[in-house]
Every structure is written in structure tokens, then in C-alpha cells.
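What follows is the residue order along each chain.
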Amino acid sequence: MNVALLGQWRDRPSFRFRALQYLPYIEAAGHAATIIEFSPHLWGRLRQYSQLAKFDSVFIQQRLLHPFELVWLKRNAKHLVFDVDDAIMRKSDGSPDSRRMSRFRAMCRSADLVICGNQFLADETRAQTPKLEIIPTTIELNRYPALSGKYESLLKKPDSLLTIGWTGSRATCRYLNEVFPAIAEFPGQVQVKLIADDLSNCDLKLLKDVPYEFIRWSPETEIAAATTFDLGIMPLPDQEFTRGKCGCKALQYMALGIPAICSPVGMNVDLIEPGKTGFLARTANEWREALQQLIASPELREQVGRAGYRVVSEQFAASTWAPAWMNAVFPTAQSSTPS
């Protein structure tokens, strides 16, 4: 069978983690996939939709189409799968948005199946259609370095600054302002590395005397840059938009054997068992305490890092979820009862 994978752009993290990393499994199963990046122009997109009739299935990741576009696409798609891993039916501050909700409702009702990244998104989707399935964001572990030797090398450098790392985008870097004051309380002990496309939305002055390094994000270097982290952070405000987050940053840290400190929002509460597979911090004091524990103990960093890696390898590996993903995407192989 042949599937068309439609996304905003090839390198967008959600498109890579939710679709492109399954390409080897699609090919191994004897199927074919064609990647289509949405044209920036309406007429270009309409031409793209006109070519979809030759595919057995059409997979759209995280795009709310104009009603006219949706009608044209639906006319040409034999089987339509809509993938959601963010609360795109709301504004980024969590407030309601009637236009987004209207388009989200139309996308859900037009799709033959909606794939949701977590339970919160499934609950939002179920109000529009019963045709849904929950498939979490997963990690292709073959792309990540083995843990052997990682902790031994860290223990041999007790006098070096501990590296607190974060990876994200211009849209999410403003959340760092919440934790920078807590990090600033550890001058001479830590440094900060920030991987992103842009940092214009965060206030780096809040770090005070703690040094930082900005590393421009690219799909080719994101993993190599993150391997230098000693611990990873994922701060989020608790509101209706962020509850749709699927824990991608936390999963990446955990796949590298790096202990993660995250806000207890969205999928993070399902990924992390506090003090064992990571840390959850809501208040400034909780962030400070979690940082203090991990900074003080390389043994704790190793213990939590290894436990987090086991969670990813046993529950969130792409190889584990690839059959379910293909069953959802290819119409002849779908489960008879979506969850």
C-alpha cells in the first residue's frame, strides 16, 4: 500500500517524531510512503490535494485546513488520517478560539481516523468523533548513542560545571523564564545549554552569573548537542494548551539517559515517577530542590537517568509502536475497535 504523509515541513519535530521516523518500518512491511510538505500557496496546495487519489491513505499531521481546502482534500483522499499531538484547537495561552475549534471539529469529522498523542487530546477529540486511537510520541532509539561509558566519564570530572540543558523552539522558550531564577541560585556549579531556533522570547538576564550557550537547532545536530547535557529541563505552565503536550523533550532526555526535571503537565505526569524516573516540579521551591538534589549527586543522576532510559526503551520505543501506527494509517489493517 502507499501512504501520503502531509506535514508543514519535513524537519518540523512533530512531523518527524509522529510520522517520518516510521518510514523504515513502512518499507520493511512492504508498503511505500511519499512525503508531501504543504505548499505555502493555496493553489499549490489544491494541486497537491488533486494528486492524492493515487494513494491508499493520506496522513495529515497537525494542520487545520480551511473548509474549502478540506472539501477538496476529502474529495481526493480515499482514506484520511488526522494526527494531533498538541491542543491546536486552542490559542497558545490556553484560551478558547472559535475559528480553531471549528476547523478542528471539521477535521475530526472528515477523517476516517484521528490519532491522538495523549489522553487529554483524545478527550477533546472524542467530543467530535468516536473514530480515534491514542498513539504516544515515540523515540527511534537506534538514532541515540548507547549508555555504556556515559556515567563513568562524568564521574571522572567532579570539578567541571554541570550542564543543565533544554531543547525547544522560539514558541516555547518563554517557559524558561519560570525556572531561570532557580538555576541562577547555583553560580559556579552549573552552566546552561539551550538548543533552539531562536531565544528572543526568554530573558537570559534571569540567569545572572550562570553562563549559558545557545546552540542553533538542526535535525542533524540536535542529538549530538543534547548528549552534552547532565540533566534536562522541561518547564510548562499548566493550562488547556500545554495539557496537550506529549512529552517529546522529556522523552529525548530520557532516551539519552539524562535525568529530566519537568512541570507536571500533559504527558509528563505519565512518563515520570517522581524521584525514580525523573523529577516533577511545579513551584519555584520544587524546581530549586530538584536541581539541588541532582547537582549534588552524580550517583542520583546516573540512577534516575538509567531508570528513565528503561521507561523509553520499554514503553515508548518507535519499534514497539510501529505496528499500531501502521494499523491506524493503512485502512485494510485497521483495528476493528479504535480505543
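Residues numbered from 1 in each chain as written. Predicted model: local features only at pLDDT ≥ 70, side-chain atom pairs only at ≥ 80, totals over all residues. Heavy atoms only, no water.

What follows concerns the sheet that holds strand 9 (residues 212-216). The six strands lie next to each other as 9-8-7-10-11-12, forming an open sheet whose pairing is parallel. Since the sheet does not close on itself, it has two edges, and those belong to strand 9 and strand 12 (279-280), each with one partner. Looking at chain direction, strand 10 (residues 231-234) and strand 11 (residues 260-262) are connected through three bridges and run parallel. Looking at the pairing, Ile 233 lines up with Ile 261 of strand 11. Of the strands in this sheet, strand 7 (162-167), strand 10 and strand 11 are in contact with helix 10 (residues 248-255), which crosses strand 7 at around 140°. (Pairing = 2+ DSSP bridges. Helix = DSSP H or I, 4+ residues; strand = E, 2+ residues; numbered from the N terminus. Contact = heavy atoms within 4.5 Å. Axes fitted to C-alpha atoms, helices over the stretch in contact; angles between N-to-C directions.)

In total, this model carries five aromatic pairs according to the counting rule given. Ring geometry for Tyr 22 against Trp 325: centres 4.8 Å apart, planes inclined by 20°, an arrangement best described as stacked. Here Trp 325 lies in helix 14 (residues 318-329) and Tyr 22 lies in the loop between helix 1 (13-18) and helix 2 (23-28), a separation of 303 residues in the sequence. When its relative accessible area of 1% is taken as the criterion, Trp 325 is described as buried. Members of the aromatic cluster, joined through ring pairs, are Tyr 22, Tyr 25, Phe 59 and Trp 325. Geometry around Trp 9 places Arg 12 over its ring, the cationic atom sitting 5.5 Å from the centre. (Phe/Tyr/Trp six-rings, centres within 6.5 Å; stacked < 30°, edge-to-face > 60°. Buried < 20%, exposed > 50% of the residue type's maximum accessible area, 1.4 Å probe, protein only. Lys NZ or Arg CZ within 6 Å of the ring centre and 35° of its normal.)

The positions UniProt marks with the feature "domain: Glycosyl transferase family" (unreviewed entry) are residues 246-310. Secondary structure within residues 246-310 divides into 58% helix and 8% strand; the distance between the first and last C-alpha atoms comes to 18 Å. (UniProt positions renumbered as here; feature names shortened; annotations may be inferred.)

Let us now look at the environment of Leu 204. Here Leu 204 is to be found in the loop between strand 8 (190-196) and strand 9. Taking C-alpha positions, Leu 204 is 46 Å from Ala 28, a pair spaced 176 residues apart along the chain. With near-sequence residues (within four places) excluded, Leu 204 lies in contact with Phe 180, Leu 194, Leu 199 and Tyr 212.

Moving on to the nonpolar core. Leu 6, Ile 60, Phe 82, Ile 183, Ile 233 and Ile 261 are the most contacted members of the largest nonpolar core, which totals 94 residues. Composition of this core by domain shows at least three residues from each of domain 1 (2-138 + 318-329) and domain 2 (141-316). Setting aside its immediate chain neighbours within four residues, Ile 233 contacts Ile 164, Gly 165, Trp 166, Leu 176, Val 179, Ile 183, Tyr 253, Ile 261 and Trp 287. Core analysis: the second largest hydrophobic core is formed by 21 residues, Phe 59, Leu 113, Ala 318 and Ala 328 among them. (Core = buried A, V, L, I, M, F, W, Y, C linked by side-chain atoms within 4.5 Å. Domains from an automatic or database assignment.)

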